[in-house]
Amino acid sequence: MENEEGTAPDVAPRKASWYRRPLFVGPLAGALLLGGGLLVWLPGGQDGVRAAAPAPGARANSAVRTGVAAALPDLAVLIEERESRVRKDPKDARSWAVLGAAYVEQGRRTADAAVQFPKAERALRASLSVGPRADAEALGSLAALANARRDFRAAKRWGEAAREAAPKRWTTYPQLIDAYTGLGDHKRARRALEALMELRSGPAVLARAAGVYWDQGRREDAQAALSDAAAAASSPAEEAAWRERAGQLAFERGEREDALRSFREAVRFDPDQRAARAGQGRALAALGRTSEALDAYGIALAGQPLPQYALELGELYESLGLTGQARAQYDLLRERVRREAAGGVDGALVLGRFEADHGDPAAAVRRLRAEWRRQPGIAVADALGWALYRAGRHKEALRYAAVATDQAHGGAVRSAAYAFHRGMIEGALGKTAPARRRLQEALRLNPYFSPLYAPVARAALAKLGEVPDVGPPA
């Protein structure tokens, strides 16, 4: 937890005293009435008394300033408190900075980017205008806002300015990791992680390390880091966030039951964890529990209507032959991309992926080529390669698929979808043996990677014929 100056002690954070997995306190032993109010005393702490729970605004303040998930009700309290403060004192730079960070988190959690992200930018710029122009807290939050908008160049610029202002402020480095990764600069991302781990330990650092490990193909290390992060979380909302990420990794490994278990635990700790609801939809669909999957996606989209969720649900409907329902989700995707663009969010990647498979592949190529020039990350390389394949430009497609899958190009991440894309491209080029190995790799990594395209991978592999399993290609 950071102090009021925004710096943090160089120790691993311990579980907050107010947060314990289910703890029952009897009505007499657990409460005392003082001055007409109710004080909760929990066993544990000095002299058998544990400190009372922090107020919701304080909990959210600690979360947003250290870059971890905050509960939506707590965020609402914090925003109301800080809005009141800046109305009374428009020159309160610290409150402007905290308010801007809270708007970023609220916009991210609710997918209300069109409203919350412009408010966040105004608040953070107000903080810089009335306070120090090199304030690392406001600069770091501007980097977080840019990452949320998928504007990785701006995130790099703001993050590096924050690092220059306060090199030992550890909360800057996660934003730099995201920015460098989005720009395809994996060496700098690794160096930023190394700097972060020298400055700080604890669940937030473990979770960031897990992301870098996954990009490096270190799947077991990533899973272990997230498990440790969840065990050390200091709030239910934070634990839910790490469990949701653990569910993502389990699903990427094809472990449907483990993924579903992690997603359900995340929702138990934080019912507003809509990413975990979408994850449940993914895992349930892979388990053949289709009606439950559709319900889970519906809940996710009701609370956090992200274009990616609409794409996944549309493809699930399409795999079931329900083309009308699929079209409705694709229409929602387009509308959400337009709405998010009003908040400064770059929707080129998700829109390009959609257009490649369900719209105009040539338009997808144009969109994704521009995105590649602007921020050449691995995800963009994969999407552009696939769009070129769908547009019939197979030779050029392979160049980008190689960037996404070859370690020499930074593509160490083991992704079933990426392997499937490259396998299909190589098959179209008559490269039978590499295509066969890539499709085998895709189905070995995750046989359920897509309700629409996993069957395509199996059919393509069967057409190519079986060969001995020699392991994934380099």
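Up top is the structure these notes are about.
Basis of the calculations
Residues numbered from 1 in each chain as written. Predicted model: local features only at pLDDT ≥ 70, side-chain atom pairs only at ≥ 80, totals over all residues. Heavy atoms only, no water. Helix = DSSP H or I, 4+ residues; strand = E, 2+ residues; numbered from the N terminus. Buried < 20%, exposed > 50% of the residue type's maximum accessible area, 1.4 Å probe, protein only. Lys, Arg positive; Asp, Glu negative; His and termini not counted. Salt bridge = Lys/Arg side-chain N within 4 Å of Asp/Glu carboxyl O. Contact = heavy atoms within 4.5 Å. Phe/Tyr/Trp six-rings, centres within 6.5 Å; stacked < 30°, edge-to-face > 60°.

Undergrad: Any details on the side chain of arginine 256? Residues and values, ideally.
TA: Within the fold, arginine 256 resides in helix α12 (residues 256–269). Despite its burial, arginine 256 pairs with no opposite charge, the nearest such side chain being glutamate 257 at 4.1 Å. With residues near it in sequence (within four places) discarded, arginine 256 still touches Ala283, Ala286, Leu287 and Tyr448.

Undergrad: Could you give an account of the packing of aromatic side chains, naming the residues involved and the relevant values?
TA: Applying the stated criterion to the full structure yields 7 aromatic pairs. Judged by centre distance (4.7 Å) and plane angle (25°), the rings of tryptophan 386 and tyrosine 389 are stacked. Taken together, the residues span about one helical turn, with tryptophan 386 and tyrosine 389 both in helix α19 (residues 378–390) at a distance of 3 residues. By relative accessible area, which is 17% here, tyrosine 389 ends up buried. Taking the centre distance of 5.5 Å and the plane angle of 45° together, the rings of tryptophan 386 and phenylalanine 420 count as tilted. Of this pair, tryptophan 386 sits in helix α19 while phenylalanine 420 sits in helix α21 (residues 416–428), and the two are 34 residues apart along the sequence.

Undergrad: Residues and numbers for the pattern of salt bridges, please.
TA: As enumerated under the stated definition, the model contains 37 salt bridges in all. Notably, a salt bridge pairs glutamate 371 with arginine 150, separated by 3.9 Å at the nearest N-O pair. A residue pair is termed long-range when its members are at least 10 positions apart, and glutamate 371 in helix α18 (residues 361–374) and arginine 150 in the loop between α5 (136–148) and α6 (152–165) qualify at 221 residues. Taking relative accessible area as the criterion, glutamate 371 reaches 3% and is therefore assigned buried. Assessed through its relative accessible area of 23%, arginine 150 is described here as partly exposed. Where arginine 374 meets aspartate 151, a salt bridge forms, and the shortest distance between an N and an O atom there is 3.5 Å. Residue arginine 374 is located in helix α18, and its partner aspartate 151 is located in the loop between α5 and α6; the two are separated by 223 residues in the primary sequence. Overall, the relative accessible area of 25% leaves aspartate 151 in the partly exposed class. Counted as one network, the salt bridges with shared partners bring together Asp406, Arg414, Arg422, Glu426, Arg438 and Glu441.

Undergrad: Give a detailed account of unusual backbone geometry, specifying residues and quantitative values.
TA: Non-glycine residue alanine 111 carries a positive phi angle of around 60°. Position of alanine 111 relative to the elements: it lies in the loop between α3 (93–110) and α4 (113–130). Taking relative accessible area as the criterion, alanine 111 reaches 3% and is therefore assigned buried. In this structure, arginine 150 takes a positive phi of about 60° despite not being glycine.

Undergrad: An account of the environment of phenylalanine 251 is requested, with residue identities and associated values reported.
TA: Inspection of the secondary structure assignment puts phenylalanine 251 in helix α11 (residues 236–252). Relative accessible area serves as the criterion here: at 4%, phenylalanine 251 is assigned to the buried category. Not counting the four nearest positions on each side in its chain, phenylalanine 251 is found in contact with Ala259, Arg282, Ala283, Ala286, Asn446, Tyr448 and Phe449.

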